[in-house]
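Observations on the three-dimensional arrangement
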Amino acid sequence: MAQSIADVDSAIHLLQLSKTMFAEDADEKKKTSFCEELQICSSDFPIIGQELDDRLYGLCKKDNSIENLNWFIVNHYQSPHVGEAKLLRNKVAFDLTLAENTEIGYSNFTKKYPDSDEFFVAKDSIESINYAVALKGNSIASYQLFIDKFPRSKKLAIAKGKMWFIAYNDASNLNTKQAYRDFIRKYPSSDLVDKAQLAIELLDWDLAIKENTKESFTSFVSSYPKSDKRKIALEKIETFDWISTVKEDSSVGYEVFLRAHPVSDKKGDALVAIERLKVVVPYLTSNLKYKLYDPKSRAFVSESLYESIEPIDKELFVVSNLGKKGVVNKLGESITLATYDCFWPVGSSHLIFQLGSKLGMMDRKGETVIQPTFDDLDALGDSMLITSVKTGKVVKMGLMDLKGKVLMENKYRELYAIGPDQFIVSADKKVYNLANSKGQLLSIPCASIDFTRIAMSKGKYGFLNPQGKFAIPAIYNSLRSVGSGYFVAENAEKKEGLLDSLGRVMIPFDKQSILNVGEDIFALNKTPYADKPTYYLFGLKSNKLISPLAYEEVGQFSEGLVQIKLSGKIGYINKEGKLVISTVYDNVDALPRPYDTVLGQYIIPDLNEMGEGDVPMDPEEEDYVFVNCFKETKSLNLDPVYTNSIGDFAGGLANVAIGEKVGSIDKNGKIIIPFVYDYITPFRNGLAVAVTKISDEEFNAVLLSKSGQTIMDGVAIMTWLDNDRVVLINRAGKLTEYAIQANKMKLLEGEISDIFRYKEYLTLVYKGATIYASVDFLTWYADKKIDFSAYDAQQLVLSGNGHRIAKEYSEALLDYQKALRKSPNNFNALLGIAENYKDQNSNYNAIEYIDKAILYANNSEKYRALSLKFELYKGQSNWTEAINAASEIIYLNSTEFSKSQWYLERGFCRMENRSYSDAIDDITTSFQGEIPVNSAYAYNLRGICYGELKMYTYAAADYKKATTLGASQYDSNENMGIFYTNLGYTYLKLNKLTDAQLAFKRAAGLGNQNAARALRNNNFK
């Protein structure tokens, strides 16, 4: 038998043998050679196979190498030792992996030995290594990487917790709502989400506290309805609502407050205020009389009827009957009888009243505090009154408190309040002082003091401080306030500089002119040529030029930009002097403004155009008091917008021109409104009106939004009811209410005008009657059966007057007759027919209708009718009837005309009627009365009458007076010639030849031919 396999103790030989014998692709020659070497024959292979397998596995196990074990497993896959070999190989491989202890090692192991018992241990090791890396990195990225790689890891929850903690800390460090919101969005399942949401809530709460507005707290409550801060926020909202309600102080406001806060501790105060502010409005009844009406209870508070009712405030009303005024409260109770001529409020506690021509003051209960002995009373709020007393031609002013205590005697011809406890006073209109309310003179005597306390002393100007001392010495040729406490002064060299209120020089005196353009920036002009000024812009705060460029023109800063002109073109720069909008436009202010006979009045730009100033009065002239009985309106309609130029920015847009067309640009220079219009009003609350000229007397108007959209064609803005509502008017007079935010329009009733908005109601004029209405126009406080026939008739009369003036007499007569059908016995229609006949020289018919008109006329109307009648009879030389008409006018006893003038008219008619003595009486009476006649014509007439009665001495005196008055009143040469001629003939009657000759010479020199003939026909030496 061949050598035993056991003798083959070399592992190398054994492996070689095994590879040779058992390899399927082994070379047969090699097998034979190997067998001969080992003295084995091929027939012994099966016998020694098992022994060889055992021996080979033993050697591989002893060798303990992965390579040999792998070879054994691959090549001896039928060996009973394969399973054990695999376990051994896996263990050897895993021990090596453990020794390496890297993720790559474990990963390779799992890839190579997926069925290994150590597979899951290797997997766990990979996870542990990655977790350790995540722990070491301790960042969102490292933990997120671990979570992504091992989504089923037992450490997943711990890794997520650590990642969330880091992410929350990052958000907490930023401490912004966006950071916390990003955390919640990224990690919605985190146990820190509630904490992040609470942090956002706290940030919003801090913001609400910081802003401290109703809107901020309302937003907080809306966003966090379950917050533990909700109660505090609601209390804050209630406080803001209460403050706003108290400020508004309207019954509607308090009712809204109670609906919003029904359990407020302010409920009692609100209920008291509602009762106090109970809204009562004038209600127009069917007979065009007014009653006081409570809209809430829908009942009249009083049955008393008045011709008019005008609210003084929520408590008191001025009522009128038979031309006299009284005061009632909102309960309809009389405070004063209707025996006064005028009322207007003094602050919140008193009323000035007028009785005849005198003024006094009462409290709100009707008790007289100051007797009506003054010619004028000017209220200074709730503290004082300037009192005026006129004696002869001189008005003397004084000061009084509201209890009637005299603070300054009535000794000043001028007295003006210019500030708290500061007054300008002058006893003679020549010397002025600054004074306090105690009458103490604070300043030295000055030639003038204006409302800014600029004073002139010894021909020079300075500035007085509140104590009356010269803070800027009176050494300047001129001085003017330019706002912000600065003054432009001109020195003796006629150079201008800038001073502050302490007289310190802020800009040196080397400028030809200085203009304040706003934002503490001044335009400096050093050019002595007024027709070619150049302006440099100087920043007072930076104390340097903001731009090196010299501009031809500079406007005023508006919304951060100022208009400048370079090379004849307009552009805009900012406060830093940077050119924001290039100088490529033309001057929009230089363009002619289109005119429209109907809509033009609503397109007039609200420009604050300064006048030339007041002309100094002659101190010896007569003083006047101006007392106007007026309704003090406190409507909420928006005031006009005052701009320096329609090219200034307003509402984010400026109007500019290219050639003769106007458009609008924004602050970036972007064209918003195309250049197709002839004029655009300044934008306000997003609206403007643009017009396109059609003819010299008509244009087309469109309402534009700030985005350039046409909102409505053919309309202009009649009035702004508030910041969101406007009333539009078209060419036909139709009105439309437009709500800007809601972009809604509502057509209003026709024939409305003069709309004013108040807190609780509107007032409007409809067909000539003032009507009160709800703020939404829906409810009119007026009877639905009002007879407006008189108004309709008056419109027809106006139409008839237009036809008559145009000499369309038939059309005029038709309109007047229609008016009489609307309103029988209508005075204006009857008088219109009379004037229509007069214009056609049908005097008989004219007088017939004048007499009819007089039957239905009041005093004022009678005066108009009788004046027309007088004119007709005078034109016919029917002196008897003319005298009768003049007499009726005189007997009317009206203050609407000068009686003295009518005595003169009647005197002339009596002279023509040869009733010379009566004529002299009338003409003499005309020289008397409140408004006496003082004309050369009147004295000449009386002179004629005296001459006819051969009372030549009196006649000469009157002619002499006529020549004197005629010269002083710049009478015509023709009239002066007549006066001198009459005087000459009278001197002849008196045999005063020399005086007669001189009078005729004067008359002839004035072109009077009668005087020239008298000089030739009389033998004057």
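Keep in mind the model is a prediction, meaning the values are calculated, not measured.

1. Details of the overall build of the chain
- A count of helices and strands for the chain gives 29 helices and 49 strands.
- Over its C-alpha trace the chain gives a radius of gyration of 53 Å, far above what one expects of a compact globule, namely 31 Å for 1021 residues.
- Projected onto its principal axes, the C-alpha coordinates of the chain cover approximately 205 × 75 × 65 Å.
- Taken across its 1021 residues, the chain has 46% of its residues classed as buried.
- A sequence separation of at least 24 residues applies to 38% of the contacts in the chain between residues at least 6 apart.
- For the chain, the exposed surface amounts to about 54,300 Å²; the carbon and sulfur share of it is 51%.
- For the chain, the centre of its 121 positive side-chain charges and the centre of its 131 negative side-chain charges are spaced 5 Å apart.

2. Considerations on the packing of helix α9 (residues 156–174) against helix α10 (residues 177–186)
- The N-to-C vectors of α9 and α10 enclose an angle of 165°; their axes lie 7 Å apart at closest approach. Put simply, α9 runs roughly antiparallel to α10. Between α9 and α10 lies a crossing of right-handed hand. On α10, the residues that touch W164, A167, Y168, A171, S172 and L174 of α9 are A179, Y180 and F183.

3. Some points on the UniProt feature "repeat: TPR" (unreviewed entry) in the chain
- When the UniProt feature table is mapped onto this chain, "repeat: TPR" (unreviewed entry) is found at residues 793–826 and 977–1010.
- When the span residues 793–826 is considered, its composition is 79% helix and 0% strand, and the gap between its end C-alpha atoms is 8 Å.
- Regarding residues 977–1010, the helix share stands at 82% and the strand share at 0%, and the terminal C-alpha atoms are separated by 9 Å.

4. Brief notes about the sheet that holds strand β14 (residues 394–401)
- The antiparallel open sheet is built from four strands, whose spatial order is β12-β13-β14-β15. In this open sheet, the two edge strands, each paired with only one partner strand, are β12 (376–380) and β15 (406–412). Between one strand axis and the next, the sheet turns through 15° on average, direction left out of account.
- Both β14 and β15 contribute to a ladder of three bridges, which runs antiparallel. The partner of M397 across the bridge, within β15, is Y412.

5. Describing the sheet that holds strand β6 (residues 324–329)
- The strand order across the open sheet built from four strands is β4-β5-β6-β7, with neighbouring strands paired in antiparallel fashion. Both outer strands of the open sheet, β4 (308–311) and β7 (334–340), are each paired with one neighbouring strand and no more. With strand direction ignored, the average angle separating the axes of adjacent strands in the sheet is 20°.
- Where strand β5 (residues 316–321) meets β6, six bridges bridge the pair, whose relative direction is antiparallel. Residue L316 lies in a different strand from β6, and its bridge partner there is N329.

6. Some words on the pattern of salt bridges
- Going through the model one piece at a time under the given rule, you end up with 37 salt bridges.
- Of the charged contacts, one joins R480 and E496 as a salt bridge, the two residues approaching to 3.2 Å between their closest N and O atoms. Within this pair, whereas R480 is found in strand β23 (residues 478–483), its partner E496 is found in strand β25 (residues 496–500), the two being separated by 16 residues in sequence.
- On the basis of relative accessibility, which here comes to 32%, the residue R480 falls in the partly exposed class.
- When its relative accessible area of 8% is taken as the criterion, E496 is described as buried.
- Among the salt bridges present, the one from E848 reaches K852, with a minimum N-O distance of 3.7 Å. Of this pair, E848 and K852 both sit in helix α20 (residues 843–855), four residues apart, roughly one helical turn.
- When its relative accessible area of 34% is taken as the criterion, E848 is described as partly exposed.

7. Let's talk about the environment of S968
- Examined against the element boundaries, S968 turns out to sit in helix α26 (residues 952–968).
- Placed 32 residues apart in sequence, S968 and A936 show a C-alpha to C-alpha distance of 9.5 Å.
- A distance of 2.9 Å separates the side chain of S968 from the backbone oxygen of L965, its partner in a polar contact.

8. Here's the deal with the packing of helix α4 (residues 66–75) against helix α5 (residues 82–100)
- Running from amino to carboxyl end, α4 crosses α5 at an angle of 155°, the nearest separation of the two axes being 9 Å. If you check the angle between α4 and α5, you find them roughly antiparallel. Here α4 runs over α5; the crossing is left-handed. Judged by residue contacts, I66, L69, N70, F72 and I73 of α4 engage V82, A85, K86, L88, R89, V92, A93 and L96 from α5.
- Split by residue class, the contact of α4 with α5 holds 10 nonpolar, one polar and two charged.

9. Digging into the side chain of T986
- Relative to the helices and strands, T986 is located in helix α27 (residues 973–989).
- In this structure T986 touches Y952, A955, A956 and Y959, once residues within four positions along its chain are discounted.

10. Regarding helix α11 (residues 193–211)
- Counted at 1.5 Å a residue, the expected span for α11 with its 19 residues is 27 Å, and the 27 Å between its end C-alpha atoms agrees.
- Among the residues of α11, V193, A196, A199, I200, E201, L203, D204, W205 and A208 are the ones counted as buried.
- Those residues of α11 hidden inside the fold are in contact with α9, α10, α12 (214–223) and α13 (230–248).
- Once α11 finishes, N212 follows within two positions and takes phi at roughly 50°, a positive value.

Cut-offs used in this document
The numbering scheme is per chain: residues are counted from 1 as the chain's sequence reads. Local features in a predicted model are, by the rule used here, given only for residues with pLDDT of at least 70; side-chain atom pairs are given and counted only at 80 or more, and totals for whole chains, interfaces and linings are based on all residues. Side-chain numbers here rest on the full set of heavy atoms in the structure, without hydrogens or water. Helix and strand definitions here come from DSSP, where helices need a minimum of 4 consecutive H or I residues and strands a minimum of 2 consecutive E residues; each element is numbered from the N-terminal end. Our radius of gyration is a C-alpha quantity, and the globule rule it is checked against amounts to 2.2 Å times the number of residues to the power 0.38. The classification of residues rests on relative accessible area computed with a 1.4 Å probe and restricted to protein chains. Under 20% of the type maximum is buried, over 50% is exposed, and intermediate values are partly exposed. Working rule for contacts: check all heavy atoms of both residues, and any pair within 4.5 Å makes them a contact. Each accessible area is a Shrake-Rupley estimate made with a 1.4 Å probe; only the visible protein chains count as cover when residues are assessed. This count recognises Lys and Arg as positive and Asp and Glu as negative, with His and chain-terminal groups excluded. Charge positions come from single atoms, namely NZ of Lys, CZ of Arg, CG of Asp or CD of Glu. Lines fitted to the C-alpha atoms define the axes, with helices restricted to the stretch that makes contact. Angles between their N-to-C directions range from 0 to 180 degrees. What sets the label is the angle itself: under 35 degrees gives roughly parallel, over 145 gives roughly antiparallel, 65 to 115 gives roughly perpendicular, and the rest give oblique. Left-handed describes a crossing whose near helix is turned anticlockwise from the far helix through less than a right angle; right-handed describes the clockwise counterpart. UniProt positions are given in the numbering used here, feature names are shortened, and annotations may be inferred rather than shown by experiment. A pair of strands is labelled paired if DSSP reports no fewer than 2 bridges between them. By definition here, a salt bridge exists when the distance from a side-chain nitrogen of Lys or Arg to a carboxyl oxygen of Asp or Glu is within 4 Å. Here a polar contact is recorded for every N or O atom pair within 3.5 Å, except that within protein the pair must consist of a potential hydrogen donor and a potential acceptor, and residues adjacent in sequence are included only if both atoms are side-chain atoms. Each residue receives one of three labels: charged for Asp, Glu, Lys and Arg, nonpolar for Ala, Val, Leu, Ile, Met, Phe, Trp, Tyr, Cys and Pro, and polar for the others, Gly being one of them. For a helix, the expected span equals 1.5 Å multiplied by the residue count minus one.

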